[in-house]
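Chain and residue survey
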Amino acid sequence: MHFARWAPRDYSRLFGRRPVGRIIKSHAVNYMNSCLDLTMVLIFQLRGLGLDPRLVVEELIGSHTGKPALHFAAEVKLGKEWHTIHFKLGKNALVYTGQFSPAKSTPTNRHLSLQRFSTRNLGSSTTFFQLLGISGWKQIGEKSRHVRYPHIQASAKAMKKADSADLFNRIKKMRPKIRHLI
């Protein structure tokens, strides 16, 4: 996967709406908010290996908006132990033994709640919304305890404001970092 710079009008149109197969085929994720697409692709690949990963959806206070926001990770059980794979900012991934821990994954954000979703029905034509059983961002409140559609709109507005060719080039040049916690 490589990072792409989406047109601001595409943030709401594409984020969470692309089927996993289309994400894989495009080889591209939006540099402004890549954690969902990368997590969905990882889960799809783990399922292809015969594993049964879970999608983790954390609700937290977003650092750019000060409002409730969503963050995504994957958990997979290998043998008797759970392991978490969490795509942080840019090209950074955090991998650790154990179930998702806000103290390990998002220590600088105020944690609000955490949900885990089965991925047994995830196929190449499945979108994030289908996995959650909703039709779009306007229904996020049906699956979320704190995040509502106006919060999603605030996040999209913050991304549009922060987006720049300079930021895209800096993130694109970053070397991928995988950090393992014990």
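One structure accompanies this document, and this report is about it.

About the criteria used
Residues numbered from 1 in each chain as written. Predicted model: local features only at pLDDT ≥ 70, side-chain atom pairs only at ≥ 80, totals over all residues. Heavy atoms only, no water. Phe/Tyr/Trp six-rings, centres within 6.5 Å; stacked < 30°, edge-to-face > 60°. Buried < 20%, exposed > 50% of the residue type's maximum accessible area, 1.4 Å probe, protein only. Lys NZ or Arg CZ within 6 Å of the ring centre and 35° of its normal. Salt bridge = Lys/Arg side-chain N within 4 Å of Asp/Glu carboxyl O. Helix = DSSP H or I, 4+ residues; strand = E, 2+ residues; numbered from the N terminus. 1 Å grid on protein atoms, 1.4 Å probe; cavity = no way out; pocket = protein on both sides within 12 Å on 5 of 7 lines; lining within 4 Å. Points joined across faces, edges and corners; volume = space filled by probe spheres on them. Nonpolar A, V, L, I, M, F, W, Y, C, P; charged D, E, K, R; others polar.

A word on the packing of aromatic side chains
Per the counting criterion, the structure on display carries 6 aromatic pairs. For the ring pair Phe128 and Phe129, a centre distance of 5.7 Å and an interplane angle of 55 degrees mean the geometry is tilted. Each member of the pair, Phe128 together with Phe129, is buried. With 5.8 Å between their ring centres and 35 degrees between their planes, Phe128 and Trp137 make a pair best called tilted. Taken as a pair, Phe128 and Trp137 share a single burial class, namely buried. Pairwise contacts between aromatic rings join Phe15, Phe72, Phe128, Phe129 and Trp137 into one cluster. Over the ring of Trp82 we find Arg54, and its NZ or CZ is 3.7 Å from the ring centre.

A few points about the pattern of salt bridges
Tallied over the entire structure, the rule returns 8 salt bridges. The salt bridge partner of Asp10 is Arg13, with a shortest N-O separation of 2.9 Å. Taken together, the residues span about one helical turn, with Asp10 and Arg13 both in helix 1 (residues 10–14) at a distance of 3 residues. Taking the relative accessible area as the measure of exposure, Asp10 reaches 11% and is therefore buried. Among the residues examined, Arg13 registers a relative accessible area of 51% and is labelled exposed. Its salt-bridge partner being Arg18, residue Asp37 comes within 2.7 Å of it at the nearest N-O pair. Highlighted residues: Asp37 in helix 3 (residues 35–48) and Arg18 in the loop between helix 1 and helix 2 (20–26), separated in sequence by 19 residues.

Topic: empty space enclosed by the protein
One pass over the structure, following the stated rule, counts 2 cavities of 30 Å³ or more. In this structure, the largest cavity spans a volume of roughly 50 Å³. Val57, Glu59, Leu70, Gln115, Phe117, Leu132, Ile140, Lys143 and Ser144 are the residues that line the largest cavity. For the lining of the largest cavity, the secondary structure elements donating two or more residues are strand 3 (54–61) and strand 7 (111–118). The residue inventory of the lining of the largest cavity, partitioned by class, reads 5 nonpolar, 2 polar and 2 charged. Put simply, the second largest cavity is a space of about 40 Å³. Around the second largest cavity, the lining residues are Leu14, Gly16, Arg17, Arg18, Ile23, Leu36, Asp37, Met40 and Phe128. Ranked by the residues each element gives to the lining of the second largest cavity, the list is headed by helix 3, at 3 residues.

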